[in-house]
Amino acid sequence: MNLRRDSAINYLILGFFAVIALFPLLGVLSSALTSPSESSASLSFPSSLHFSNFVTAWHQGHFSEYMRSSAIVTVSVVVLSGVLAILAGYAFATMEFRGRSVLFYVLLLGLMVPEEALVIPLYFDLRGVGLTDTYWALILPQAAQSLAFSTFWMRTFFRGVPGSLLEAARIDGANSWSVLWRILVPISRPALLTMAMLVFMWTWNDFLFPLVMISTEKLRTAPLGLAFFQGQHTSQFSLLAAGATIVALPVVVLYFFLQRHFISGMLSGAVKE
Amino acid sequence: MAAVSTPTDRTGAPDDKRRAGRRKATKKSDRIAYLYLLPAFVLFGIFLLFPLIHGFWISLYQWDGLSASTWVGLRNYGEAFSDPGLRSAFVHSLVLIVFYALIPVSLALLLTAVMSRARHTKGLGFFRVVLFLPQVVASVVVATIWTAIYAPQGVLNDFLSAIGLHAITKPWLGDFTWALPAVGLIGTWVEIGLCLVLFLAGVSQIPRELFEAARIDGAGAIREFFTVTLPGLRPQIAVALTLSVVAGLKSFDLIYVATRGGPGTQTSVPAFEVYHRAFDVGQVGSACAIGILLTLLILIATVVINRVDPGESR
C-alpha cells in the first residue's frame, strides 16, 4: 500500500513538471496551427488545423532562406571542428610530447570563455579583412569555440580505448595516421555522434554571433531571422509561432531520435558551458 | 628509450649524451604530435585566443569604434563598480542566478527527496525526455514563446482573470518591478528539468545498502535525505550549479529578444551591456571590459562550485 502511494506521488510530481515543461512548447505548436483569422496576440487553440501559417512563414517570411543559411553554417562548423578535434584529441590521448599539459590547459580555457568576450574584438578584426557579413564570420569563430569541448570529448574517448588494440595495429605495421582513421575513428562512432549532435545544437541555436556579424537579410540564420520577424509581427502570434516552430524543429527532431546522446553529452559536458 | 645509446650521440660529456639522446628521441615524436595539433591550434589561436587578448587590449582604451582611441588603463574596469548603470547590470545578473540556479536546484532536490523513497518508476525515460526538452529549444524561440505568454493580452493574464485575480494582471515584461523576476522565471523553466534529470540519475547511482542502513538505523525521510541522498548527490549538484549559474550569467538571447534590457534598464545584464555599449552607444572599450569581467566571473564560479565537491577529480 505504502509503495503504491509513494509511486503515485512520484507520478504526480513528474507529471506536474512534465506539463509545465510541455505547456509553452505545445502552446506554440497549437498557435502555429491556428488560422490567421482566429489568431490572437498570444497562445491560441485552433478550432481546426491550419497549415497555411507555415507556408506563409516559409515563403513570405523568408524562413526558407534563413534555414538554408543555418544549415550551411551549422554543417560546416560540425565538420570543421569535428575533424580538427579528432586530430588534436588523438595527439592529446595517445602521444607524449613536450608542452602537452600546457597546451591542454590553454585549450581548456576555451571552455570558460563566453562568446560575449569574443564577439566585439572579432567583429572589428573580421571587418578589417572584409569577412563580416559572410558565412565565414560565423563558421570560423564558432568552430574555434566548439574545439575546446570537442577535443576534450574525443581525448576522453580515445583514452578509454584499450592500449593493446593500438599496440597490435602498430605491430602490424600501421602508422599513426592509419591507426587513427582505420581503428580509432570507426570504433568511436557513438562518441562522434554525440559530439556532432551537441555542436549542431549549439551552433544552430546561437544568436549573438549572427546578430553582430550578419547584416544582409539573405544571410541571416534561423534564430536571427526569427528575432527580426518577432519585431514585425506582434499582433498576430500564429504566424510568429509558425516561424518559431520551424526554427526549433531540426534540433528538437534530432533530440527525439537521439535523446540519449543529447542528455549524456550535455551532462558530462558540464565542462563546456 | 632505445635512442639513448645510438652512436650519433657520441659528442659531449657522458651525462649530456643521455639527455641529448632522449631529447632527440622525443623530438621526432614531438613533431608528429604537433602536426596533429597544428590545425586545431591555428583555428583556436586566430579565432579564440587572439580575440580574447585583443578584447583585453581594447578594454584598456576609451574608443567609440570609429575615431581615435584614448588610453584609459583600467578605468573601464573601475566603472563596473562606480557606474550605477553597470553596477545594477551585475546586480540583475545575481538576481537571475537565483532564478536560474538556486531555485531550480533547491526545488529539484526537494522533489528528488520526496521521490527517492519509491525506487522504481516506470516510464522514467519518457519524463526524462520531456523534462529535458527546454534545454534543446533555441533560446530565441523560448523568448518568443514567453513574450507571448507574458503579453498584456497573453495567456498568463487570461488565466489570472479567469481565477478571479484580475487585479494583479499586468504587462509583465513592461513592469518595472516584475520584468526581472518574469525573465528569471523563464530561466527557472529552462533549468528545472535539467536539475531533476541529473538528480534522479544521481540517486539511482547511490548504493541501495546506504538507504537500507539508514532505515535500519531508524532514520526518517528527512534524516535519510540529509545523511544519504544529499551527500550522494554532490557531484550532480556541482554539475547542475555549474551549468545553470553559467547559463544565468550569459542570458543574452533571452534579454535581447524579450525585453532589450527594459523597461528602462530594469533587466539589463552584463551580457546585454556588451552588445548595447559596443553597437548602440559606441563605448567599445567599456563593452570589451565587461566581456573580460564576464569571463572572469564564469571562471571563478566554475572553480568555486567544483571546489564544493571534493569527491570529483577530473
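What you are looking at is a predicted structure, and each value in this text was computed from that prediction instead of being measured. (Residues numbered from 1 in each chain as written. Chains lettered and ligands numbered in written order. Predicted model: local features only at pLDDT ≥ 70, side-chain atom pairs only at ≥ 80, totals over all residues. Heavy atoms only, no water.)

Some words on the overall build of chain A
Per the secondary structure count, chain A includes 13 helices and zero strands. Secondary structure elements of chain A occur, N-terminal to C-terminal, as α-α-α-α-α-α-α-α-α-α-α-α-α. On the principal axes, the C-alpha backbone points of chain A span a range of 70 × 70 × 30 Å. In chain A, which comprises 273 residues, the share counted as buried stands at 58%. Sequence-distant contacts in chain A: of pairs separated by 6 or more residues, those separated by 24 or more amount to 72%. For chain A, the accessible surface area stands at approximately 11600 Å², while carbon and sulfur atoms represent 66% of it. Distance from the positive charge centre (15 side chains) to the negative charge centre (13 side chains) of chain A: 9 Å. (Helix = DSSP H or I, 4+ residues; strand = E, 2+ residues; numbered from the N terminus. Buried < 20%, exposed > 50% of the residue type's maximum accessible area, 1.4 Å probe, protein only. Contact = heavy atoms within 4.5 Å. Areas by Shrake-Rupley, 256 points an atom, 1.4 Å probe, with all protein chains shown as cover. Lys, Arg positive; Asp, Glu negative; His and termini not counted. Charge placed at Lys NZ, Arg CZ, Asp CG, Glu CD.)

Details of the interface of chain A and chain B
How large an interface is tends to be reported as the accessible area lost when its parts come together. Across the contact, 87 residues belong to chain A and 89 residues belong to chain B. The tally of links from chain A across to chain B stands at one salt bridge. The interface formed by chain A and chain B contains eight residue pairs in polar contact (both at pLDDT 80 or more). The leading source of residues in the side of chain A that touches chain B is helix H1 (residues 2-32) of chain A, at 16 residues. (Salt bridge = Lys/Arg side-chain N within 4 Å of Asp/Glu carboxyl O. Polar contact = N/O pair within 3.5 Å; in protein donor to acceptor, adjacent residues only side chain to side chain.)

A few points about the environment of alanine 32 of chain A
Position of alanine 32 of chain A among the secondary structure elements: in helix H1. For the pair alanine 32 of chain A and serine 44 of chain A, spaced twelve residues apart in sequence, the C-alpha to C-alpha distance is 8.5 Å.

With respect to the nonpolar core
Of all hydrophobic cores here, the largest spans 196 residues; its most connected members are Leu180, Phe207, Met213 and Phe262 of chain A together with Val141, Phe199 and Phe252 of chain B. Residues in contact with phenylalanine 262 of chain A, not counting those within four places in the same chain, are Met197, Leu198, Met201, Val251, Leu254 and Tyr255 of chain A together with Val136 of chain B. Membership of the second largest hydrophobic core comes to nine residues, among which are Ile97, Ala101, Val245 and Ile305 of chain B. (Core = buried A, V, L, I, M, F, W, Y, C linked by side-chain atoms within 4.5 Å.)

A word on the pattern of salt bridges
Opposite charge on two side chains makes pairing possible when the charged atoms of those side chains draw close. Taken as a whole and judged by the stated rule, the model has seven salt bridges over all chains. Two residues, glutamate 217 of chain A and arginine 220 of chain A, come together in a salt bridge whose shortest N-O distance is 4.0 Å. Arginine 220 of chain A sits in the buried class, given a relative accessible area of 12%. Overlapping salt bridges bring together Glu79, Asp83, Glu273 and Arg277 of chain B as one network.

Notes on the confidence of the model for chain B
Residue and element names in this part refer to chain B. When the pLDDT values of chain B are averaged, the result is 86; 88% of them are 70 or greater. Here helix H1 (residues 14-58) stands out as the least confident element of chain B, with mean pLDDT 81; helix H12 (residues 270-279) is the most confident, with 96. Contacts of residues 1-23 to residues separated by more than four positions or lying in other chains number twelve contacts, the stretch itself having pLDDT below 50. As a predicted assembly, this complex carries a pTM of 0.90 together with an ipTM value of 0.92. (pLDDT = per-residue confidence, 0-100.)

Considering the environment of serine 204 of chain B
Note on placement: serine 204 of chain B falls in helix H7 (residues 179-205). For the pair serine 204 of chain B and leucine 74 of chain B, spaced 130 residues apart in sequence, the C-alpha separation works out to 50 Å.

Quick notes on unusual backbone geometry
Residue proline 263 of chain B is reached from glycine 262 of chain B by a cis peptide bond, and omega for that bond is -5°. Here proline 263 of chain B lies in the loop between helix H11 (252-258) and H12. Of note in the backbone geometry, aspartate 133 of chain A takes a positive phi value of approximately 65° without being a glycine. Not every positive phi belongs to a glycine, and arginine 260 of chain B is a case in point at roughly 50°. In this structure, arginine 260 of chain B sits in the loop between H11 and H12.

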